[in-house]
Protein chains: 10
Amino acid sequence: MLIQLTYASRTSKTLMPDDLAAILVASKRNNARVGVTGALCLTNGIFLQQLEGDRTAVSLLYHRILADPRHRDPAILDFSEISSRKFTQWSMGSLSSLESNRAIYLKYSRSASFDPYTMSPTTLRAFFDEIMYNAAWVA
Amino acid sequence: MLIQLTYASRTSKTLMPDDLAAILVASKRNNARVGVTGALCLTNGIFLQQLEGDRTAVSLLYHRILADPRHRDPAILDFSEISSRKFTQWSMGSLSSLESNRAIYLKYSRSASFDPYTMSPTTLRAFFDEIMYNAAWVA
Amino acid sequence: MLIQLTYASRTSKTLMPDDLAAILVASKRNNARVGVTGALCLTNGIFLQQLEGDRTAVSLLYHRILADPRHRDPAILDFSEISSRKFTQWSMGSLSSLESNRAIYLKYSRSASFDPYTMSPTTLRAFFDEIMYNAAWVA
Amino acid sequence: MLIQLTYASRTSKTLMPDDLAAILVASKRNNARVGVTGALCLTNGIFLQQLEGDRTAVSLLYHRILADPRHRDPAILDFSEISSRKFTQWSMGSLSSLESNRAIYLKYSRSASFDPYTMSPTTLRAFFDEIMYNAAWVA
Amino acid sequence: MLIQLTYASRTSKTLMPDDLAAILVASKRNNARVGVTGALCLTNGIFLQQLEGDRTAVSLLYHRILADPRHRDPAILDFSEISSRKFTQWSMGSLSSLESNRAIYLKYSRSASFDPYTMSPTTLRAFFDEIMYNAAWVA
Amino acid sequence: MLIQLTYASRTSKTLMPDDLAAILVASKRNNARVGVTGALCLTNGIFLQQLEGDRTAVSLLYHRILADPRHRDPAILDFSEISSRKFTQWSMGSLSSLESNRAIYLKYSRSASFDPYTMSPTTLRAFFDEIMYNAAWVA
Amino acid sequence: MLIQLTYASRTSKTLMPDDLAAILVASKRNNARVGVTGALCLTNGIFLQQLEGDRTAVSLLYHRILADPRHRDPAILDFSEISSRKFTQWSMGSLSSLESNRAIYLKYSRSASFDPYTMSPTTLRAFFDEIMYNAAWVA
Amino acid sequence: MLIQLTYASRTSKTLMPDDLAAILVASKRNNARVGVTGALCLTNGIFLQQLEGDRTAVSLLYHRILADPRHRDPAILDFSEISSRKFTQWSMGSLSSLESNRAIYLKYSRSASFDPYTMSPTTLRAFFDEIMYNAAWVA
Amino acid sequence: MLIQLTYASRTSKTLMPDDLAAILVASKRNNARVGVTGALCLTNGIFLQQLEGDRTAVSLLYHRILADPRHRDPAILDFSEISSRKFTQWSMGSLSSLESNRAIYLKYSRSASFDPYTMSPTTLRAFFDEIMYNAAWVA
Amino acid sequence: MLIQLTYASRTSKTLMPDDLAAILVASKRNNARVGVTGALCLTNGIFLQQLEGDRTAVSLLYHRILADPRHRDPAILDFSEISSRKFTQWSMGSLSSLESNRAIYLKYSRSASFDPYTMSPTTLRAFFDEIMYNAAWVA
């Protein structure tokens, strides 16, 4: 069964550019092997990630993330069966935290700063649909 | 929770251009701080404003407007949960009362003069959807 | 409340061009004052008119038309709440009875000649939607 | 075509019991002949009546009511195509204005006193559906 | 226009039984006069109230509540057009805070203690639908 | 936000009656404190559990279950926003694995033996709806 | 393909009881052989019949009726694919024209006398649904 | 009432080009007079025709076709109320049986050769919608 | 994945009561082992069977039936994903061909004799829903 | 009745290019004769094929494929009534297993390698809709 799982977590310490690069490299290698795709936003010390793939494989990957000390306060925000993937071009796309993405963050947030922990499942789906087309991505 | 609240009020006295400018400056400063966005029409001595943001923050802002002596006869006209904001480019956009907006006002009003107090929630939502694209805005 | 009322009537005698011009002049003056907009077709001695505006104002206007001796056999054909007006550019648009409108009349009529008295509410709404875009109007 | 038309009017003077009885007698005789059925409420000097029947026959009957000097301020409140009648047991049922009907009036009114002029088409349809089953009728 | 407005507030001090009785007496007197009906829950020092009536009358009443020093942290939680009222038997029904209502509170709350400030509009409507039939009311 | 999360896991060793009793006692104590309710089935060495409550509280509880050595192969099977809880009578109801529940298991399973790991979200929701009314529960 | 066809026709001359009995006997014999079921009303010299069965068989039967000199002015009123039959108890049920069926006729007619030629497909379907349960049938 | 009726028939003998031309000339003359429009396909000795117009006029026309010895095995395939006509440019359009129309025939047929007798009402409506735009017509 | 597959076949020779009994005994033994449930009708020498279970298991079972020389002219009539089974009380229920089931057969057949080969998927689903409750079953 | 049947099978041995060419030649010849169209993907030793045509003809064709020793582990994955065909340009289109189709395979697969046996009916329909427009086809 093909599903998507969306979760948020906080970075356990201020991440250095090298840390994020390492996360992405590891993420892409692991995801490709188990057929998981998705997108990752890191803004204000908060990760917001949508994972797509087999229901069991995504659960396993999420459980491995829980055990990673770089993630604090993990919370499942959304989960649903899907009939096809959205992010097939990346094993894991990464959204830059540049100024150009601010308007998108505001459009789906209840407050001026980006706080995915309070976003409803409906809002999260609209957010990930929009970033496919309108956001600036880290290459 | 992300919601929109739409209300109307009457200007307590004839507003001078400076008054309106002051309202907009204050409105933009306050809204940006609490993550509220929206649009404001001032026509025939009637304010019609749509506020978007966190349910609690919008309630607080509306309650502060009630206490402002420049507003008379305030009335809540519409309120609903939304999955994303419409007016992300403004902390508060302001519609000019120029001739060019008259046809839009007529399209959604039951009478020849603009009277938002009698507009239904459905009509108000259609009105704010349309002004996003077709109305002339004060810069 | 914003509503539309559609009615048909027969001309009580053969109308001269001057009669129709007079009807239109009076209609535009009266409608503008009470915030009623709409469209008028006069074909084969039958008036078909859609009025849009406040529920009470449209009722009043229709009652005045009933008292006008130029209208015979008046009948209400459709009436419904609307969230916005269709005919904001005219206080009363008038459709010419030229050849170029014949195909539109046929599309919505059950017989070869135009007979609005037999058109259902659904057909009438489709008819007025189409004439907005495809019909030839009297200037 | 089978339709229902709902209108309100005010009594032009205080009606005596004999006036109302006369209205009902005439109403029943006229309606039966032209196949019109319906229900009539008279409360606080306001008539609220729903007529059911052929589109042309109901228009004609409504036009005759307009000409009756006992009705002031007539206004069409609702009109729609129906697939069957609701009030087949009466050529014209009449709702008593007894205390027992007060709760029903309040349920569908925006104010403490019964004011059908402000009721929306949706509210009017729910009102007439309910009185079929729960209201006290004049025999 | 008939609408419902639901809001929550906190009691500004611990209310004595006499305070609540006084609130209810005043509430019923005021509401009846302006045609507002509804229901009131007071649990854990939080008021949750649904008001039904004319859009303007309910706005006015809510604005008067805002000015009442016994209410702190007022917040509008839901608002929508309705075609009929739910609480016609009370000008203001009051839900007891007895043990017997606990299961209902839990059913619609995200936490073990009743916290209407976090209830979504959908949950609030389901809550008020249920209490009509299953809750224990203060006489 | 009120959500439900459904997961399956395998018992890491054959559970003794005392183990299950201990799980239930701990589960009820923990759940009540954080406002989580739900239902638990233990059949053929597989746990199937539906948790209801605040989105963050349920995530936290699920993460604690993951760390419990009695659970192997945990997998999230379903997750969705709900407007009210289903299992308010239990902090955690427990379904017996008696013969009398076999027909229910078969009705929602693709094979003769109960295997929740292959049940779709739609099937899982229908299963939990049914057990509310038709299953035999451990007291 | 299973379909229903509804038509009306006028009796070419005043039918004697023996004529109608003969029609029914022949109708039942023919219908049973080709698997057509249905219902027949004869009121005011108008036949209204609904035929159910295979698309080709019903067409053939209707074409044979057209050739029968006892039917004048035949007109197809409705036709649609159905997933099951309504009138399985009769090869052809026959509705009596007794007083007791008058209220049903009025409920679905636009005029005081029964005139199926003017009934819409929607009204005809509602009519045949109702007579299954509420009409008086000829044995 | 505006309806469409779709039927098929077989040509009683091999039609010569002159026969078809004669059919079309007669068809156009008759249809124009009674306000019937439509489209005609003649392929493999099978007519498939959709007629649009007044319910009574279409019935009459179909009954006249039944009596025409050039049609064998007539069968009504579809019939429904419509709110507007599709084929207003022709009193009767005629589809050529050229190669260029073969792909369209295949798309809506269950077999390699065109057999409208087996096409469902849904398929027939999709077929006539498509030929409006994509088929090659006889001038 | 839980699915249902419905097929028909003809008996290759006249079945003796012992043949049918043998089919049912084998069917029940095989189905129970692979978790397939369902219902079987044998009428006029035609089998109509609905199988429920895992998509792969049902395919395998159907393929085995194809290889059974007692079945001629097998044809898949319907197939769809289901969220739960209908026939959990039987590994294979069997409908008697008694007179008492005739009315049910007629209700869903286009002809007087039962011919499942021509029944649409929609009709087949309605048929199997009905026989659960209204048909006479072989013990 | 027009239906589509989708099935998967494994190649019983590694297919040589000549084998596949022979399969396509035979497939096209057989399909054209019986009016079956469709599309075929061969990737990783798995056939995924969608067949469109008459319900009986598709069943017969599928049964013949079952008897072909080049197919192992056949399984019906989807089946539904359709109102028109998708693949009218091919009697059997064949999707290349080139790199350029990989992204499409991933989009609809739960794992990194293409495994149609686990794809749901909904996913399969979306997959065949997409390949019509975006996939690279073998000429």
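Since the structure is predicted, the reported quantities are computational estimates derived from the model, not experimental observations.

(A) View of helix H4 (residues 121–134) of chain D. When the terminal C-alpha atoms of H4 of chain D are compared, their 20 Å separation across 14 residues agrees well with the 20 Å that a helix rising 1.5 Å per residue should span. Where H4 of chain D is concerned, the buried positions are Pro121, Thr123, Leu124, Phe127, Phe128, Glu130, Ile131 and Met132 of chain D.

(B) Spatial organisation of the interface of chain B and chain E. Of the residues lining the interface, 21 residues belong to chain B; the matching set on chain E comes to 21 residues. For the pairing of chain B and chain E, the buried interface totals around 1,500 Å² over both sides, and the portion due to carbon and sulfur atoms is 59%. The largest contributions to the chain B side of the interface with chain E come from Arg55, Ile76 and Phe79 of chain B, which together make up 39% of the buried area. Put simply, chain B and chain E have zero salt bridges between them. In this structure, the connection of chain B to chain E is made through 10 residue pairs in polar contact (both at pLDDT 80 or more). Elements represented by at least two residues in the side of chain B that touches chain E include exactly helix H2 (55–66), strand E4 (71–81) and helix H4 (121–134) of chain B. For the side of chain B that touches chain E, the element with the most residues is E4 of chain B, which contributes seven residues.

(C) Representation of the interface of chain I and chain F in the model. In this complex, chain I contributes 12 residues to the contact, which on the side of chain F involves 10 residues. Together, the buried faces of chain I and chain F total about 880 Å²; carbon and sulfur atoms form 57% of this surface. When the buried area of chain I at its contact with chain F is split by residue, Ser83, Arg85 and Thr88 of chain I rank highest and sum to 48% of it. Put simply, chain I and chain F have one salt bridge between them. One salt bridge connects Asp54 of chain I with Arg110 of chain F, and the closest N-O pair in it is separated by 3.2 Å. In the side of chain I that touches chain F, the residues fall into four nonpolar, six polar and two charged.

(D) Inspection of the relation of the copies chain B and chain E at higher detail. Rotating chain B by 180° about the axis while translating it 0.0 Å along that axis superimposes it on chain E, leaving an RMSD of 0.0 Å. Within this description, the copies of the chain are treated as partners about a two-fold rotation axis. Across chain B, the rotation axis passes nearest the C-alpha of Phe79 of chain B, at a separation of 2.8 Å. When the interface residues of chain B are mapped onto chain E, 100% of them are again interface residues, pointing to one common binding face.

(E) Representation of the side chain of Ser80 of chain B. Residue and element names in this part refer to chain B. As for its position among the elements, Ser80 is in strand E4. Looking at Ser80, the relative accessible area reads 15%, which means it is buried. Other than its neighbours up to four places away in sequence, Ser80 contacts Leu2, Ile3, Gln4 and Arg125.

(F) Spatial organisation of the environment of Gly35 of chain B. In this structure, Gly35 of chain B sits in the loop between helix H1 (17–34) and strand E2 (37–43). Considered as a pair, Gly35 of chain B and Pro121 of chain B are 86 residues apart in the sequence and their alpha carbons are 24 Å apart. The residues touching Gly35 of chain B, leaving out its near neighbours within four places in the chain, are Arg110, Ser111 and Ala112 of chain A together with Glu52, Gly53 and Arg85 of chain B.

(G) Molecular detail of the packing of helix H2 (residues 55–66) of chain I against helix H2 (residues 55–66) of chain J. Axis separation between H2 of chain I and H2 of chain J bottoms out at 11 Å; the angle between their running directions is 90°. With respect to each other, H2 of chain I and H2 of chain J are oriented roughly perpendicular. Contact residues: Tyr62, His63 and Leu66 of chain I in H2 of chain I; Tyr62, His63 and Leu66 of chain J in H2 of chain J. Each residue belonging to the contact of H2 of chain I with H2 of chain J can be placed in one class, and the counts come to four nonpolar, two polar and no charged.

(H) Seen up close, the pairing of strand E3 (residues 46–54) of chain J. All names here are of chain J. Buried residues dominate E3, accounting for nine of its nine residues. The sheet contact formed by strand E1 (residues 2–11) and E3 spans nine bridges and is antiparallel. Opposite Leu2, over in E3, you have Asp54 as the bridge partner. Of the strand pairs in this sheet, strand E2 (residues 37–43) and E3 are connected by seven bridges, and their pairing is antiparallel. Within E3, the residue paired with Thr43 across the bridge is Ile46. With antiparallel pairing between neighbouring strands as the criterion, E2 and E3 make up a hairpin whose turn holds two residues, including Asn44 at a positive phi of roughly 55°.

(I) The arrangement of the pattern of salt bridges in detail. Counted by the stated rule, this structure contains 70 salt bridges over all chains. The residue Asp73 of chain G makes a salt bridge to Arg72 of chain G at a minimum N-O spacing of 3.8 Å. Looking at Asp73 of chain G, the relative accessible area reads 40%, which means it is partly exposed. Bridged by salt links that share partners, the residues Arg10, Arg72 and Asp73 of chain A form one connected network.

(J) A look at the confidence of the model for chain A. Looking at chain A as a whole, its pLDDT mean stands at 89, while 97% of the residues score no less than 70. ipTM for the predicted complex: 0.90, alongside a pTM of 0.92.

(K) Spotlight on the relation of the copies chain I and chain F. It takes a turn of 72° to lay chain I on chain F, together with a shift of 0.0 Å along the axis; the resulting RMSD is 0.0 Å. Such a combination of turn and shift is consistent with a five-fold rotation axis.

(L) How the structure looks around the packing of aromatic side chains. Per the counting criterion, the structure on display carries 80 aromatic pairs over all chains. Here Tyr7 of chain E and Tyr62 of chain E contribute two aromatic rings whose centre-to-centre distance is 5.4 Å and whose plane-to-plane angle is 55°, an arrangement assigned as tilted. Of the two residues, Tyr7 of chain E is situated in strand E1 (residues 2–11) and Tyr62 of chain E in helix H2 (residues 55–66); the sequence distance between them amounts to 55 residues. Overall, the relative accessible area of 0% leaves Tyr7 of chain E in the buried class. With a relative accessible area of 0%, Tyr62 of chain E lands in the buried category. Ring geometry for Phe87 of chain J against Trp137 of chain J: centres 6.3 Å apart, planes inclined by 65°, an arrangement best described as edge-to-face.

Calculation notes
Residues numbered from 1 in each chain as written. Chains lettered and ligands numbered in written order. Predicted model: local features only at pLDDT ≥ 70, side-chain atom pairs only at ≥ 80, totals over all residues. Heavy atoms only, no water. Helix = DSSP H or I, 4+ residues; strand = E, 2+ residues; numbered from the N terminus. Expected span 1.5 Å × (residues − 1). Buried < 20%, exposed > 50% of the residue type's maximum accessible area, 1.4 Å probe, protein only. Contact = heavy atoms within 4.5 Å. Buried area = accessible area lost by both parts, 1.4 Å probe. Salt bridge = Lys/Arg side-chain N within 4 Å of Asp/Glu carboxyl O. Polar contact = N/O pair within 3.5 Å; in protein donor to acceptor, adjacent residues only side chain to side chain. Nonpolar A, V, L, I, M, F, W, Y, C, P; charged D, E, K, R; others polar. Least-squares fit on C-alpha atoms with pLDDT ≥ 70 in both. Axes fitted to C-alpha atoms, helices over the stretch in contact; angles between N-to-C directions. Parallel < 35°, antiparallel > 145°, perpendicular 65-115°, else oblique. Pairing = 2+ DSSP bridges. pLDDT = per-residue confidence, 0-100. Phe/Tyr/Trp six-rings, centres within 6.5 Å; stacked < 30°, edge-to-face > 60°.

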